[in-house]
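# Observations on the three-dimensional arrangement
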Amino acid sequence: MSLLKAYFALLFLLCVNVFAKKDVNGDFYVGRNQMIYRTEELSQEKFLAYSPLSNGTHLREAVKNILVPRVVGSAGHTMVRDYIASDLRDLNWNVEIDKFHETVPILGKLHFHNIIARLNPDAERYLVLACHYDSKYFEEFEFLGATDSAVPCAMLLNMAHVLQEALEPFRNSKLSLMFIFFDGEEAFKEWGPNDSIYGARHLAKRWEDDGTINRLDMLVLLDLIGAADPTFYNFFPNTEAWYSRLISLEERLSNADMLDHYISNGISRQYPNRYFQPNTMRSSFVEDDHIPFLKRNVPILHLITLPFPSVWHTKDDNESIIDYLATENIARILRLFIMEYLLSSQHNE
Ligand SMILES: [Zn+2]
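Residues numbered from 1 in each chain as written. Predicted model: local features only at pLDDT ≥ 70, side-chain atom pairs only at ≥ 80, totals over all residues. Heavy atoms only, no water.

As recorded in an unreviewed UniProt entry, the chain goes by Glutaminyl-peptide cyclotransferase and comes from Ceratitis capitata. UniProt lists a comment for the chain under the heading Subcellular location (unreviewed entry), and it reads "Secreted". Of the comments in the UniProt record for the chain, the one headed Catalytic activity (unreviewed entry) reads "N-terminal L-glutaminyl-[peptide] = N-terminal 5-oxo-L-prolyl-[peptide] + NH4(+)". (UniProt positions renumbered as here; feature names shortened; annotations may be inferred.)

The subject of this paragraph is the coordination of the zinc ion. Here the zinc ion is held by D148 (OD), E186 (OE), E186 (OE) and H313 (NE2), and the distances to it run 1.9 to 2.7 Å. In this structure, the zinc ion is surrounded by 4 donor atoms whose angles at the metal cover 54 to 145°, and the resulting shape is irregular. Along the chain, the residues that donate to the zinc ion are spaced as D-x37-E-x126-H. Taken together, the residues E186 in the loop between β7 (175-182) and α6 (198-210) and H313 in the loop between β11 (300-304) and α9 (324-348) connect sequence positions 127 residues apart. Take E186: its relative accessible area is 2%, and that puts it in the buried class. For H313, a relative accessible area of 16% translates into the label buried. (Donors = N, O, S within 2.8 Å, 3.2 Å for Na, K, Ca; no water. Tetrahedral: all angles 85-135°; square planar, octahedral: opposite > 155°, others 65-115°. Helix = DSSP H or I, 4+ residues; strand = E, 2+ residues; numbered from the N terminus. Buried < 20%, exposed > 50% of the residue type's maximum accessible area, 1.4 Å probe, protein only.)

Here we take up the packing of helix α3 (residues 56-66) against helix α5 (residues 146-162). It is at 9 Å that the axes of α3 and α5 come closest, and there the two elements cross at 140°. By the criterion of interaxial angle, the relationship of α3 to α5 is oblique. For the element pair α3 and α5, the recorded crossing hand is right-handed. Between α3, through H58, L59, A62, V63 and I66, and α5, the contact on the second element is made entirely by A150, V151, C153, A154, M155, L157, N158 and H161. Of the residues that constitute the contact of α3 with α5, the class distribution is 10 nonpolar, 3 polar and no charged. (Axes fitted to C-alpha atoms, helices over the stretch in contact; angles between N-to-C directions. Parallel < 35°, antiparallel > 145°, perpendicular 65-115°, else oblique. Left-handed = near helix turned anticlockwise from the far one by under 90°. Contact = heavy atoms within 4.5 Å. Nonpolar A, V, L, I, M, F, W, Y, C, P; charged D, E, K, R; others polar.)

Moving on, we get to the nonpolar core. Of all hydrophobic cores here, the largest spans 73 residues; its most connected members are I84, L88, W93, L129, L167, F179 and F181. The contact partners of F181, leaving out residues within four places of it in the chain, are I84, L88, H113, N114, I115, C131, Y133, C153, L156 and L157. Listed in part, the 31 residues of the second largest apolar core include F182, L216, F235 and F293. (Core = buried A, V, L, I, M, F, W, Y, C linked by side-chain atoms within 4.5 Å.)

Strands sit in the order β4-β5-β7-β6-β8-β11 across an open sheet of 6 strands; the sheet is mixed. Of all strands in the sheet, those with a lone pairing partner are β4 (94-104) and β11, marking the two edges. The mean inter-strand angle of the sheet, taken between neighbouring strand axes irrespective of direction, is 20°. Examined bridge by bridge, strand β6 (residues 125-132) and strand β8 (residues 216-223) share 5 bridges and lie parallel to one another. (Pairing = 2+ DSSP bridges.)

Before going further, it helps to examine the side chain of H77. Residue placement: H77 occurs in helix α4 (residues 75-90). Excluding residues within four positions of it along the chain, H77 makes contact with P69, R70, V71, V72, H113, Y133, D134 and D183.

This part covers the packing of aromatic side chains. Under the definition given, this model contains 17 aromatic pairs. The interplanar angle of 90° and the centroid separation of 6.4 Å between the aromatic rings of F179 and F181 together place this pair among those described as edge-to-face. Across the pair, exposure class does not vary: F179 and F181 are buried alike. With a centroid separation of 4.5 Å and 50° between ring planes, the pair formed by W242 and Y341 is classed as tilted. Of this pair, W242 sits in helix α7 (residues 240-255) while Y341 sits in helix α9, placing them 99 residues apart in sequence. Exposure remark for W242: the relative accessible area of 1% places this residue in the buried category. Among the aromatic residues, those joined into a cluster by ring pairs are F100, F112, F188 and Y198. Over the ring of F47 we find R252, and its NZ or CZ is 4.2 Å from the ring centre. (Phe/Tyr/Trp six-rings, centres within 6.5 Å; stacked < 30°, edge-to-face > 60°. Lys NZ or Arg CZ within 6 Å of the ring centre and 35° of its normal.)

Take a look at the structure:
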């Protein structure tokens with residue numbers, strides 16, 4: 001994503017709109033096609049069933065498999081693509097590879113492959129979680145991109161593993177889950193409208209043409225996650241109600257003592273939340289893979305660490321900066337968010 005835009009976003013932090021955290025049930029949000037969704041808090045029974053689920057061994061294994069240089073067109077890129085696709089196929093997800101080619105600065109003609117994984121390939125609507133799996137090309141050094149975005153990709157695969165059983169009812173439901181692993185997010189020379197987010201631009205256009213885009217309830221984009229103590233903000237008023245669910249789930253998990261090292265050394269957590277901040281940055285956003293979908297009116301949650309991790313686009317964005325406890329905490333919040341969304345929306349059908 002572009003740093004310039006991030007600076008603007010930070011600037012706008014000064015004039016953010018802090019929205020009141022709403023009390024759970026009954027918030028609504030008008031989604032695509034004017035459908036009205038009601039958010040419904042997870043029952044205590046479901047909360048207690050889902051919260052303890054985790055698989056740290058798989059998460060680390062997934063990071064290890066993805067954390068190699070994976071510039072579009074390289075051997076590492078093919079390896080990572082095959083790994084992501086087979087990990088999800090093994091869990092019985094439907095995996096489609098969306099191929100296209102384009103000529104790019106410096107590296108010339110490249111073949112791109114977006115990976116699209118659907119829990120139920122025949123669903124009418126989807127909650128979409130996404131990240132990018134390519135790594136940025138640098139002439140001077142080998143870039144690994146732990147936060148950018150090996151860890152987010154590993155988090156998505158890990159979610160499919162951890163929630164395997166919980167997601168079973170959504171294998172043949174009208175609303176189901178989709179993961180997109182975008183290719184070619186990074187610029188090859190200089191970030192701009194024609195040199196960046198190659199995969200997202202291709203897919204949004206294709207899905208606009210064939211109507212698939214109307215089946216996306218919301219796109220939740222993960223980026224620059226994996227370092228210690230990430231903070232997130234909301235950017236879009238039309239998804240505020242959903243973003244506020246992330247705030248509430250963080251608080252609920254913290255109150256139930258289900259977040260690791262959330263309160264350490266007797267220091268209480270930051271007010272009001274440690275990760276999901278209760279602010280909407282109006283009139284500002286960070287450019288990333290969601291842009292072509294935003295332009296086509298898909299509701300967006302952009303979960304990107306702000307400020308960017310200090311190692312952003314340096315050789316230090318490697319294994320050593322990964323904070324697995326923080327990553328697992330964020331993943332736990334997101335897993336509950338997914339379950340809450342899918343279960344609430346069942347009542348909305
Ligand atoms: Zn990047």
